[in-house]
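Here are the chains, one letter per residue:
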Amino acid sequence: MKQSKQPVSISYVCSNCGFKEDIPVDVLEYFDEVNPKQLLYGSHQFTCEKCKTGIMNPEREPEIMIKGFGLFEGIEKR
C-alpha cells in the first residue's frame, strides 16, 4: 500500500489583494484543537497581514473528512 505524503503547509490567498501565504499544517491543526466547531462551517480564515482588510482562505478548498472534533484526513478528488 502506497502512503501519500501529507503537505507541510497549505497555500492561503487574500480575497482582497491576492497576497499568498503558506500556513504550516501544524498551525492549522492547532486551530482545529482550540476551535473544533469551525470545521463545521469550513476552513479556518485569517485576516491578511499585508492589506489588513482582506480575508485569507485556502487557495484550493480541500474536501475534508471530519472524525471526532478535528481534521482527520484530506481527500483528493480524482
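Data block above holds the structure.
Structure report, in brief. Here the structure is a predicted model, which means the values were calculated and not measured.

A short note on the sheet that holds strand E1 (residues 9-14)
Strand order in the open sheet formed by four strands is E2-E1-E4-E3, with antiparallel pairing between adjacent strands. Single-partner strands in this sheet number two, and they are strand E2 (20-24) and strand E3 (46-47). Strand contacts of helix H1 (residues 25-34): E1, E2 and E3, with the helix running at about 70 degrees to E2, the strand carrying the most contacts.

Digging into the pairing of E2
Both E1 and E2 contribute to a ladder of five bridges, which runs antiparallel. If you follow Ile10 over to E2, its bridge partner there is Ile23. Joining the antiparallel neighbours E1 and E2 is a turn of five residues, in which Gly18 adopts a positive phi near 85 degrees.

Description of the environment of Pro24
Along the chain, Pro24 falls in strand E2. We classify Pro24 as partly exposed; its relative accessible area is 34%.

Comments concerning H1
Among the residues of H1, those classed as buried are Val25, Leu28 and Asp32. For H1, the arc enclosing every buried residue in end-on projection is 60 degrees, short of the 170-degree limit, so these residues lie on one face. Away from its buried face, by an angle of more than 90 degrees, H1 presents the exposed residues Asp26 and Glu33.

Cut-offs applied
Residues numbered from 1 in each chain as written. Predicted model: local features only at pLDDT ≥ 70, side-chain atom pairs only at ≥ 80, totals over all residues. Heavy atoms only, no water. Pairing = 2+ DSSP bridges. Helix = DSSP H or I, 4+ residues; strand = E, 2+ residues; numbered from the N terminus. Contact = heavy atoms within 4.5 Å. Axes fitted to C-alpha atoms, helices over the stretch in contact; angles between N-to-C directions. Buried < 20%, exposed > 50% of the residue type's maximum accessible area, 1.4 Å probe, protein only. Arc of directions from axis to C-beta.

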